[in-house]
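Report on the structure
This is what each chain is made of:
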Amino acid sequence: MNRSLDIAQLMARRLIMVGGKGGVGKSTMAATLATIAAAHGRKTLLVSTDPAHNLSDLFGCEIGSNGCAIPWGGGNLQALEISPQHALDTYLESVRQQMLPHVAVHLRGQLEKQLHLTRHAPGSEEAALLDALTRVIENREEYDLIIFDTAPTGHTLRLLNLPSVMSRWTEGLIAQKERAGRFRDLLGKFASAGEESDGGASAQLAPLIARRARFQQAAQALQDPQISAFLFVMTPEALPLSETRRAVMALESSGIPVAGIILNRLLPPEAEAVTFLRGAWACQQQILQRVADELAQVPCVSLPMTGNTLQGREGLAWLAAQLVAATEADVTKQKQPDSVTAGLS
Ligand SMILES: Nc1ncnc2c1ncn2[C@@H]1O[C@H](COP(=O)(O)OP(=O)(O)OP(=O)(O)O)[C@@H](O)[C@H]1O
Ligand SMILES: [Mg+2]
């Protein structure tokens, strides 16, 4: 039997990543957690990194890549939809601004060509998305809690591994530039004894060094269980279970803490008595047993399948109350959370 997910403990973190297979309820749960946190007076930012955003629909207001305050969030709830395209444009523009002063006028056409190629290169959008994500993490002091509604699992895992990959890549670039700088200094000494080198190399290095530091800090924050938590959402079906198991193992081996699993859309026990639901109910029960056997170390909480609308202020407040009640029902015997239901109505 899995321990129950302790929602008060989860909410005490500064960064929560919500992940899981496509369509299992990640955005809905991320918005619900954000609603709970904001209702408790925590200044909360919900960030969607899924290219197919739906936070605007969930909250019933236009969000976009500049972010906005949710009108009914009591001043504590903000949301942001990072668009990979917008992130890439911003990123390439910053590269252009950094490079231009160091590129001879006759080579500027080459620079534009390189930027164009980079825009269409595989992985560029992901890298730019990561750049935007690490900036949000870097500026986390503005918020008490940041919740990331991520794209389906595979994508998210790649994204989480990118800081170390990108940091190694940046490392290589820095080493290359340092070698080039030293060589130029040496040549300079031969050409004009005693003359200062132009400082261009160190100006080019500065943004790379800053980026390396930002990636390293983001990776450290994500791996620190005092700061971060990764929460999975899954429906009790075979494929979401396999994907969640693989992701839990991958995260644990990268040192990223797994806080728990929300088992979503459970059929009620009454379904067993309904002929056309009996098979589906039995399948769900088998998967729940496998979760208990194969993911015994991960705390869980279950939410029922509902016919309610899970959008807008009322829908999300209703689901928030369900989630808190479900976790409290399981943990009351173990501890008394500081009534996380307060302020949700
Ligand atoms: N407990 C539930 N009962 C009934 N419907 C639910 C429940 N949880 C979520 N849903 C519905 O399931 C649909 C998918 O949810 P959601 O968009 O949150 O999933 P997602 O994992 O973010 O999807 P995607 O991978 O496409 O981003 C939505 O229509 C949502 O309202
Ligand atoms: Mg989603």
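Heads up: the structure comes first, above all this text.
These numbers were taken from a predicted model, which means no experiment stands behind them. (Residues numbered from 1 in each chain as written. Chains lettered and ligands numbered in written order. Predicted model: local features only at pLDDT ≥ 70, side-chain atom pairs only at ≥ 80, totals over all residues.)

**Considering the overall build of the protein chain**
What counts, and what does not: In DSSP terms, a helix is any run of H or I states spanning at least four residues, a strand is any run of E spanning at least two, and both are numbered starting from the N terminus. In this scheme the burial state of a residue depends on its C-beta neighbours within 10 Å: 20 or more other such atoms mean buried, 12 or fewer mean exposed, and anything in between means partly exposed; the C-beta positions come from the backbone. For the purpose of contact definition, each residue receives a C-beta atom placed from its backbone, and two residues are in contact when these atoms lie within 7 Å.
Scanning the protein chain from terminus to terminus reveals 11 helices and eight strands. Out of the 345 residues belonging to the protein chain, those deemed buried represent 37%. Contacts in the protein chain between residues at least 24 apart in sequence constitute 77% of all its contacts with a sequence separation of at least 6.

**What to know about the nonpolar core**
Threshold: Put simply, a nonpolar core is buried Ala, Val, Leu, Ile, Met, Phe, Trp, Tyr and Cys residues tied into one set by C-beta atoms within 7 Å. These domain limits were set by an automatic method or by a database of domain assignments.
Ranked by internal contacts, the top residues of the largest apolar core, which has 76 residues, are Ile16, Val18, Ala34, Leu46, Ile146, Ile147 and Leu231. Per-element accounting of this core gives the leading share, nine residues, to helix α2 (residues 26-39). There are two domains that each give this core at least three residues, and those are domain 1 (7-85 + 127-331) and domain 2 (86-126). Excluding residues within four positions of it along the chain, Ile16 makes contact with Leu10, Leu33, Leu145, Ile147, Ala229 and Leu231.

**With respect to the pairing of strand β4 (residues 77-81)**
As a reminder of what qualifies: When DSSP finds two or more bridges between two strands, those strands count as paired.
Across the five residues that make up β4, a large majority, five, are buried. Neither face of β4 is open: one carries Leu77, Ala79 and Glu81, the other Gln78 and Leu80, and all of them are buried. As paired elements, strand β2 (residues 44-48) and β4 share five bridges and run parallel to each other. Looking across to β4, one finds that Leu45 is bridged to Gln78. Bridge analysis of strand β3 (residues 68-69) against β4 gives two bridges, and the strand direction is antiparallel. Among the inter-strand pairings, Cys68 is bridged to a residue of β4, identified as Ala79.

**Considerations on the site of ligand 1**
Here is the rule: Only the C-beta atom matters for nearness: placed from the backbone, it must lie within 6 Å of the molecule or strand for the residue to count as near. The residue classification treats Ala, Val, Leu, Ile, Met, Phe, Trp, Tyr, Cys and Pro as nonpolar and Asp, Glu, Lys and Arg as charged. All others, Gly included, are polar.
Neighbouring ligand 1 are 18 residues; Gly22, Gly25, Lys26, Ser27 and Thr28 lie closest to it. Elements that contribute at least two residues to the shell around ligand 1 include exactly α2 and β7 (258-266). With three residues, α2 is the largest single contributor of residues to the shell around ligand 1. When the residues that make up the shell around ligand 1 are grouped by side-chain class, the tally is six nonpolar, nine polar and three charged.

**Here's the deal with the sheet that holds strand β8 (residues 300-304)**
Within a sheet, neighbouring strands are paired by backbone hydrogen bonds and run either parallel or antiparallel to one another. In space, the eight strands of this open sheet follow the order β3-β4-β2-β5-β1-β6-β7-β8, with mixed pairing throughout. With partners counted over all chains shown, the strands left at the sheet margins are β3 and β8, one partner each.

**What to know about the packing of helix α9 (residues 238-253) against helix α10 (residues 275-294)**
Note the threshold: Here an axis means a line fitted to C-alpha atoms, over the contact stretch when the element is a helix, while the angle between two N-to-C directions is reported on a 0 to 180 degree scale. The cut-offs work like this: below 35 degrees is roughly parallel, past 145 is roughly antiparallel, 65 to 115 is roughly perpendicular, and the gaps in between are oblique. Crossing handedness: left-handed means the near helix sits turned counterclockwise from the far one by under a right angle, and right-handed means the same turn made clockwise.
Interhelical geometry of α9 versus α10 gives an angle of 15° and a closest axis separation of 10 Å. On the basis of their axis angle, the class for α9 and α10 is roughly parallel. Once α9 is placed against α10, the crossing between them reads as right-handed. Counted together, Ala238, Leu241 and Arg245 of α9 and Ile287, Arg290, Val291 and Glu294 of α10 form the full contact between these two elements. For the contact of α9 with α10, a count of residues per class yields four nonpolar, no polar and three charged.

**Looking at the environment of Asn76**
Looking at the element boundaries, Asn76 is found in the loop between β3 and β4. Among the residues examined, Asn76 registers 21 C-beta atoms within 10 Å and is labelled buried. Setting aside residues up to four positions removed in sequence, Asn76 forms contacts with Ala38, Gly41, Arg42, Lys43 and Thr44.

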